[in-house]
Amino acid sequence: MLATRASTAKRLARSFATAIDTKASGVKVAAVDNGQPTTAVTVLIKAGSRYQPSPGVAHVLKNFAFKSTAKRSTLGTVRESELYGGVLSASLSREYLALTTEFLRGDEAYFTSLLASILATTKFLPHEFSEYVLPVVRDESIHASHVPSTLATEAAHGLAFRTGLGAPLLAGAHSHVSLDSVKEFATSAFSPSNIAVVGTGIDSARLADLVDKALAETPLPSGSSSLSTPSSKYFGGSARIDSHSSGQTIFVGFGMTAPSAALSVLATHLAPPSALKWPSVPRSSTKLTPVYIPYSDAALAGVLIQSPDVKSVTEAAKSIVEKLKKPLTAEQLKSAVSRTKLDAAVTAESREGITLALGKKVLSGADASVESTLAALDKVDAATISKTVSELTTATPAYVAIGDVTALPYVDEIGL
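Rules of the game
- Residues numbered from 1 in each chain as written.
- Predicted model: local features only at pLDDT ≥ 70, side-chain atom pairs only at ≥ 80, totals over all residues.
- Heavy atoms only, no water.
- Salt bridge = Lys/Arg side-chain N within 4 Å of Asp/Glu carboxyl O.
- Helix = DSSP H or I, 4+ residues; strand = E, 2+ residues; numbered from the N terminus.
- Buried < 20%, exposed > 50% of the residue type's maximum accessible area, 1.4 Å probe, protein only.
- Axes fitted to C-alpha atoms, helices over the stretch in contact; angles between N-to-C directions.
- Parallel < 35°, antiparallel > 145°, perpendicular 65-115°, else oblique.
- Contact = heavy atoms within 4.5 Å.
- Nonpolar A, V, L, I, M, F, W, Y, C, P; charged D, E, K, R; others polar.
- Pairing = 2+ DSSP bridges.
- Expected span 1.5 Å × (residues − 1).
- Bend = angle between axes of the 7 residues up to and from the residue.
- Left-handed = near helix turned anticlockwise from the far one by under 90°.
- pLDDT = per-residue confidence, 0-100.
- Phe/Tyr/Trp six-rings, centres within 6.5 Å; stacked < 30°, edge-to-face > 60°.
- Lys NZ or Arg CZ within 6 Å of the ring centre and 35° of its normal.

## Here's the deal with the pattern of salt bridges
Pairs can form between side chains of opposite charge once their charged atoms are near each other. If you walk through the whole model with that rule in mind, you get 12 salt bridges. Linking arginine 105 and aspartate 33 is a salt bridge whose minimum nitrogen-to-oxygen distance equals 2.8 Å. Separated by 72 residues along the polypeptide, arginine 105 in the loop between strand S5 (97-104) and helix H4 (108-121) and aspartate 33 in the loop between strand S2 (28-32) and strand S3 (38-45) bring together distant segments of the chain. With a relative accessible area of 37%, arginine 105 lands in the partly exposed category. Note on aspartate 33: relative accessible area 36%, which makes it partly exposed. Look at the salt bridges and you will find they share partners, linking Arg50, Glu95 and Asp297 into a network.

## Some thoughts on unusual backbone geometry
A positive phi angle, close to 65°, is found at phenylalanine 66, a residue other than glycine. Looking at where phenylalanine 66 falls in the secondary structure, it is placed in the loop between helix H2 (57-63) and helix H3 (74-83). For phenylalanine 66, a relative accessible area of 8% gives the class buried. One non-glycine residue with positive phi stands out, namely phenylalanine 124, at about 50°. As for its placement among the helices and strands, phenylalanine 124 is situated in the loop between H4 and helix H5 (126-145).

## Topic: the packing of helix H11 (residues 330-349) against helix H13 (residues 370-378)
In the contact formed by H11 and H13, the axes pass within 10 Å of each other and the chain directions differ by 175°. Accordingly, the angle class assigned to the pair H11 and H13 is roughly antiparallel. Seen from H11, the contacting residues are Val337, Thr340, Lys341, Ala344, Ala345 and Ala348; seen from H13, they are Val370, Thr373, Leu374, Leu377 and Asp378. Split into classes, the residues belonging to the contact of H11 with H13 amount to seven nonpolar, two polar and two charged.

## Re the pairing of S5
Counting buried residues along S5, six of its eight residues qualify, which places the element largely inside the surrounding structure. The pairing of S3 with S5 spans eight bridges and is classified as antiparallel. Each residue of the ladder has a partner; that of valine 43, found in S5, is leucine 99. Sheet analysis places strand S4 (residues 87-92) next to S5, joined by six bridges and oriented antiparallel. Following the sheet pairing, serine 89 is matched in S5 by threonine 100. Taking the residues that link successive antiparallel strands as the turn, the S4-S5 hairpin has four residues.

## Brief notes about the sheet that holds strand S9 (residues 287-294)
Reading across from one edge, S7-S11-S8-S10-S9 is the order of the five strands in this open sheet, with mixed pairing throughout. Each of the sheet's edge strands pairs with one partner strand only, and the pair in question is strand S7 (237-242) and S9. For this sheet the average axis-to-axis angle between neighbouring strands, irrespective of direction, equals 15°. Both S7 and strand S11 (residues 398-403) contribute to a ladder of six bridges, which runs parallel. Residue glycine 237 lies in a different strand from S11, and its bridge partner there is alanine 398. On the sheet, helix H10 (residues 310-325) packs against strand S8 (248-256), S9 and strand S10 (299-307) and is oriented at approximately 145° with respect to S10.

## Some words on H5
With 20 residues, H5 extends 27 Å between its outermost C-alpha atoms, agreeing within 8% with the 28 Å of an ideal straight helix rising 1.5 Å per residue. Within H5, the axis deviates most sharply at valine 133, by approximately 35°, and proline proline 135 lies no more than four positions further along. Along H5, the residues classified as buried are Glu128, Phe129, Val133, Val137, Ser141 and Ala144. Those residues of H5 hidden inside the fold are in contact with H2, H3, helix H6 (148-161) and helix H7 (179-189).

## Observations concerning the packing of helix H9 (residues 261-270) against H10
In helix packing, the relevant descriptors are the interaxial angle and the interaxial distance, both defined with respect to the helix axes. Two numbers describe how H9 lies on H10: the axes approach to 10 Å, and their chain directions differ by 130°. Relative to H10, the element H9 is oriented oblique. Taken as a pair, H9 and H10 cross one another with a handedness that is right-handed. Taking contact as the criterion, the partners of Leu266, His269 and Leu270 in H9 are, on H10, Ile320, Lys323 and Leu324. Tallied by class, residues from the contact of H9 with H10 come to four nonpolar, one polar and one charged.

## Considering the confidence of the model for the protein chain
Taken as a whole, the protein chain shows an average pLDDT of 91; of its residues, 92% reach a score of 70 or greater. This model gives residues 1-17 a pLDDT under 50, and the stretch forms 12 contacts once residues within four places in sequence are excluded.

## A look at the packing of aromatic side chains
To describe a pair of aromatic rings, one takes the distance between the centres and the angle between the planes. Considering all chains together, one arrives at seven aromatic pairs under this definition. Summarising the aromatic geometry, the rings of phenylalanine 64 and phenylalanine 129 are spaced 6.2 Å apart at their centres and angled 0° between planes, so their arrangement reads as stacked. Here the residue phenylalanine 64 occupies a position in the loop between H2 and H3, and phenylalanine 129 occupies one in helix H5, the gap between them amounting to 65 residues. For phenylalanine 64, a relative accessible area of 2% translates into the label buried. Seen from their ring centres, phenylalanine 103 and phenylalanine 111 are 4.6 Å apart, and the 5° between their planes marks the pair as stacked. Each residue in the set Tyr84, Phe103, Tyr110 and Phe111 is aromatic and connected to the rest through ring pairs, giving one cluster. Here arginine 50 stacks its cationic end above the ring of tyrosine 51, 5.8 Å away from the centre of that ring. One cation-aromatic arrangement involves arginine 162 over phenylalanine 235; the distance from NZ or CZ to the ring centre is 3.8 Å.

And the structure:
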């Protein structure tokens, strides 16, 4: 048993014992190579929704990924990538825009060059904007508007932080985004100081050389500058969204102006996931989901409660608040810490987890390795939890009710 744990610790340590280089291009590079047959290269850009000049701009920019560049048309990019068997994807969070290529080891020169051309020479053609980009933006926004859990977390961010992290992640139905505003945002965002190139399944020195070569051929736009946003402040508040399409939803949450290990443990304690994927007894119709979303200068945590009827969701919300105010037993604390550590370790083992951890380290100097995360969770004790609960219960919660708002409880009616 001890030998197995030691081996695992060494393997995790190797995963993050990687060089970080700032080469001639000015772009920072980090990579980890565990000998796998596939490689992924991600360009992580500080161009999330918190940095956008107006609502929806970052969402539109995300959907301009892998469109026509000075080197290739949209069709050419897709067809050439298919010949290599590669997969192209783009994702957007509140802090980062991520452009990712996944491919077989040995094809890294082509895909690194492809990513460089996307950064440096995307044409932002008007017909692609109107025919390809905006329809996808609209479809993604419409889909999100019909998912209560997404609506709840979006509304909670707005209540918690208002601006910055509180800005909408997706373009709204009434967001007017011009092509010029997207181009201006891209020019500002695609600055070397905003960009980290992160690889898995590739040596960091090799990746750094490829990035330098690719950006020497297609330099980043001149005049680009670093983006900035004010430090996050927590406010809180309540929102009620009328909906009669998919049951009743309540989000009970709180925010802090720094990531908090205690807050993540508390979220797990309030809505502990089942240890059995297929329990022997029927599942309750009321679903409780712990939420903990850390950012560089803040965190949002809470419980998402979903149920077919108002009575069940109200009772569940009241029980969550009662549980929040009740001190944890030693057994409850141990269980919550252990499950939170497991979830953190599982996330860190994934390609996405490794990429985000390395990207944060490169762009902000934050130590987001699994070792530092587990060490912080090990330090959470009863006193830490008690202090965190005291701070939360004296602050304004971020409370969202979605469904039959004529019957769903107000925040004071569940004990907050």
